[in-house]
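Next come the chains, spelled out residue by residue.
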Amino acid sequence: MRSLETVELTKSFGGVTAVDAATVAFQDGKVNALIGPNGSGKTTFFNCVTGMIRPDSGRASYRGQDITGKAPHRITRAGIGRSFQLCRVFPRMTVLDNLLVAVRAGGLKAQLTSARDRAEIARARGWLERMGIDHLERAEARNLSWGQQKLLELAGVMMGDPETILLDEPAGGVNPALLERIAGLVRQLNQEGRTFVIVEHNMDLVMGLSDHIVVFDRGRPIAEGPPSAIKSDPRVLEAYLGV
Ligand SMILES: Nc1ncnc2c1ncn2[C@@H]1O[C@H](COP(=O)(O)OP(=O)(O)O)[C@@H](O)[C@H]1O
Ligand SMILES: [Mg+2]
């Protein structure tokens, strides 16, 4: 099965070409990583393939279905979920309400009956438990640590039951214990059949977690392959690791 793919995807901001004719294919059922220096276009790439930004040109498809320029909710419905680099939670809402609103905002169930509501609450609690933050259900999201907020955001993504999950710097600013938990969750969810595409700077995490790595430099892929090949690729070492 084909996963998320782009052909010559391009997006400029004024004079800056953030994503530059990027042709990329991620592998279905795998943990994929998208790495590259700051400003190499990784977040813009995510924004283009999730409908947050309309690309200037090129195509994006998911499982063979064209998703170029589609609205975010349609891309969500096609099976792609995503997290944000700067983490999106509703700070003054409780942890549990954050998950319930995530489902409603996703347009999945606009009008919840009370029976459905109960089912959604049970499902939300299930995800909180898996994330290890179920004891915080009644806390306001703003009172959670940064790492806990990232877990909450991931739980919100999971409420949409995505087949493919795009994570933008899941480890950024997260303490080592929660980092381990996030890595473990990605592994488990992948074993359960979900595909990941992870933008991440923590190389130990990327190398330990990924099956397939795509390296961006100045808005386009310069290398791809398994961690073993990427680690020793001279183009990667030069562009990214600066050696
Ligand atoms: N909304 C925007 N307006 C103007 N320039 C942007 C915008 N978003 C990103 N850029 C620019 O596009 C380039 C790629 O940014 P980004 O996609 O955030 O890279 P990365 O996620 O790899 O760090 C950078 O030069 C950045 O300054
Ligand atoms: Mg970014």
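Reading the values: rules and limits
- Residues numbered from 1 in each chain as written.
- Chains lettered and ligands numbered in written order.
- Predicted model: local features only at pLDDT ≥ 70, side-chain atom pairs only at ≥ 80, totals over all residues.
- Heavy atoms only, no water.
- Pairing = 2+ DSSP bridges.
- Helix = DSSP H or I, 4+ residues; strand = E, 2+ residues; numbered from the N terminus.
- Contact = heavy atoms within 4.5 Å.
- Axes fitted to C-alpha atoms, helices over the stretch in contact; angles between N-to-C directions.
- Phe/Tyr/Trp six-rings, centres within 6.5 Å; stacked < 30°, edge-to-face > 60°.
- Buried < 20%, exposed > 50% of the residue type's maximum accessible area, 1.4 Å probe, protein only.

A. How the structure looks around the sheet that holds strand 4 (residues 57-62). Taken together, four strands build an open sheet; the order of strands is 2-1-4-5 and the sheet is antiparallel. With partners counted over all chains shown, the strands left at the sheet margins are strand 2 (16-27) and strand 5 (65-66), one partner each. Relative to strand 5, strand 4 runs antiparallel, the two being bridged by two bridges. Paired with Tyr-62 across the two strands is Gln-65, which belongs to strand 5. Set on the sheet, helix 1 (residues 42-49) makes contact with strand 1 (2-13), strand 2 and strand 4; between it and strand 1 the angle comes to about 115 degrees.

B. A look at the packing of aromatic side chains. Inspection of the entire model under this criterion finds two aromatic pairs. When the ring of Phe-26 is compared with that of Phe-45, the centres are 6.1 Å apart and the planes differ by 75 degrees; the resulting orientation is edge-to-face. With a gap of 19 residues between them, Phe-26 in strand 2 and Phe-45 in helix 1 connect regions that are remote in the sequence. Look at Phe-26 and you get buried, because its relative accessible area is 4%. Assessed through its relative accessible area of 0%, Phe-45 is described here as buried.

C. Region of interest: the sheet that holds strand 10 (residues 220-225). The strand order across the open sheet built from six strands is 6-7-8-3-9-10, with neighbouring strands paired in mixed fashion. Looking along the sheet, the strands with just one partner apiece sit at the ends: strand 6 (80-82) and strand 10. Each neighbouring strand pair of the sheet contributes to a mean axis angle of 20 degrees, computed without reference to strand direction. Pairing of strand 3 (residues 31-35) with strand 9 (residues 212-217), which is carried by four bridges, proceeds in the parallel orientation. Along strand 9, the bridge assignment pairs Leu-34 with Val-214. Contacting strand 3, strand 6, strand 7 (164-168), strand 8 (195-199) and strand 9, helix 1 runs over the sheet at an angle of about 145 degrees to strand 7. Sheet contacts for helix 6 (residues 176-191): strand 3, strand 7 and strand 8; angle to strand 8, the most-contacted strand, approximately 150 degrees.

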